[in-house]
Amino acid sequence: MARTTETAARRWVAEHARALTTTDPADALTDLHPLRELLADAEIVGIGEQTRAAHEVMTQAHRVLRLLVEDLGFRVLAIQDDEVAVERVNAYVLGGDEDVRTAMSELWAPWRTAELRAVVEWARAFNRRHRSDPLRIVGLDAPSARPADYQAVIEHVARVRPELVPELRRHYDTIVTAHEVPEHVQHARGVHPGRPFVEHARDALDLVAALPDPGVALEKAKLIVDAHAGSFAGGGFDYAETRRRSVAVLTSLLRDDGVKIAYWEGMSFTANAPRVIPAALLGPFQSVGNELRERLGERYVSLLIAFARGDVSGLHPGQVVPDPMPGSADAVLAAGPDRYLLDLRSPRPEPVNDWLGGPHKLRIISGIYKAEADPEHYLTAGRLDEWFDAVLQVGTVTPTTLL
């Protein structure tokens, strides 16, 4: 039965997928026009990626963003990152004087790519033409420690107790590296120095707390502890709190500002998924997209930017992703043209409907990826046409370019 439904699903994908002509964000959007009907009544659209390490995934997401903004009047791009770091990017797209690299310098490392820089530059150019109705970029995460905070603490200690700076640097020079390569990724790559970063951060905090009148330095040292304690490696990452905060920010923008929002993030966040069973690091969780669907109904639309195979070595050195695992949803979605758009709401025969019901395996490539262990990089998905309203497949990918 499973083989019969999968065969029917492959045939349905091949017959109903609409070929896309390009992934270049500078090209015309004509091939994306079939999306306009699907998105016409949406107030928030989730642009969900299987990976942020693929050039074509990022550029096709950029094209979808262009369609939302230029054709459908969306005026906020929301990303899952520190709201203070993203505000620097927003200031740039609204015409600020800071250069683009500096404006992006405090974003989460996988966002700091040439592909996102192209989005930021396009947004700035769009705003020059629409000064009275600009596009804003907002971050959904609470403020966290950034590399400049470590330096600020060091500078304070250098002024009041310079003899303590070498000890402080021993802690901070080790753990500030997590802002480029997260601690759990360092473990996976075999380059972690050994001692948990949160312990270094706490020792540094004790040193600062013992100073006379530590002032702002103490607050920054506490923020650094919180950042490492709340990381995946620190064991304190709270997805439920992240979801609650993200939904609160997004719905308040709808309610108070009356704007339509593009929500661009990994598919496990954006999917309409009541229960995501991840490949690693977290237990099952409810997605942001699912809570948005519960609140907004079909005014929240979930898109998947999928890929089949290719090179992701920009963020994952030396890694080339093989063809999808047999029996996975990815294998069926690879049955269409190399690049296509597929509306998962469209009518289909009963065997296809049975296949869509799942459960499914969907590949996701986040902070850690090893091609030799590719089957371990699949999460468990529920009904595919509930998780996503449409799929944009980009086929074979090449790496993103890090700034």
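All of these numbers come straight from a predicted model, not from anything done at the bench.

Describe the packing of helix H4 (residues 83-93) against helix H6 (residues 114-129), listing the residues and the values that go with them.
It is the contact of H4 with H6, at a shortest axis distance of 8 Å, that shows an interaxial angle of 45°. Between H4 and H6, the angle falls in the class oblique. Together, Val89, Tyr92 and Val93 of H4 and Val120, Glu121, Ala123, Arg124 and Asn127 of H6 make up the contact between the two elements. Grouping the constituent residues of the contact of H4 with H6 by class yields five nonpolar, one polar and two charged.

Lay out the nonpolar core in plain terms, naming residues and giving numbers.
Within the largest apolar cluster, 57 residues are counted, with the highest numbers of intra-cluster contacts made by Leu35, Leu39, Trp264 and Leu303. Residues Ile44, Val259, Tyr263 and Leu333 belong to the second largest nonpolar core, which totals 47 residues.

Any details on the environment of glycine 258? Residues and values, ideally.
Within the fold, glycine 258 resides in the loop between helix H12 (239-257) and strand S5 (261-266). Take glycine 258: its relative accessible area is 60%, and that puts it in the exposed class. Residues glycine 258 and proline 182, spaced 76 residues apart in sequence, show a C-alpha to C-alpha distance of 36 Å.

Provide a residue-level description of the packing of helix H8 (residues 165-175) against helix H10 (residues 197-209), including the pertinent values.
The axes of two packed helices give the description: the angle between them and the distance between them. Look at H8 against H10: their axes get within 9 Å of each other, and the N-to-C directions meet at 150°. The angle between H8 and H10 falls in the class roughly antiparallel. Of the two possible hands of crossing, H8 and H10 adopt the one that is left-handed. Across from Glu167, Leu168, Arg170, His171, Tyr172, Thr174 and Ile175 in H8, the residues of H10 making contact are Phe197, His200, Ala201, Asp203, Ala204 and Leu207. Within the contact of H8 with H10, the residues separate by chemical class into seven nonpolar, three polar and three charged.

Report on unusual backbone geometry, specifying residues and quantitative values.
The step from glycine 358 to proline 359 runs through a cis peptide bond, and the omega angle for that step is 5°. Here proline 359 shows up in the loop between helix H16 (350-356) and strand S10 (360-363). For aspartate 213, which is not glycine, the phi dihedral falls at a positive 50°. Topologically, aspartate 213 is positioned in the loop between H10 and helix H11 (216-229). The exposure class assigned to aspartate 213 is exposed, which follows from its relative accessible area of 67%.

What counts and how
- Residues numbered from 1 in each chain as written.
- Predicted model: local features only at pLDDT ≥ 70, side-chain atom pairs only at ≥ 80, totals over all residues.
- Heavy atoms only, no water.
- Axes fitted to C-alpha atoms, helices over the stretch in contact; angles between N-to-C directions.
- Helix = DSSP H or I, 4+ residues; strand = E, 2+ residues; numbered from the N terminus.
- Parallel < 35°, antiparallel > 145°, perpendicular 65-115°, else oblique.
- Contact = heavy atoms within 4.5 Å.
- Nonpolar A, V, L, I, M, F, W, Y, C, P; charged D, E, K, R; others polar.
- Core = buried A, V, L, I, M, F, W, Y, C linked by side-chain atoms within 4.5 Å.
- Buried < 20%, exposed > 50% of the residue type's maximum accessible area, 1.4 Å probe, protein only.
- Left-handed = near helix turned anticlockwise from the far one by under 90°.

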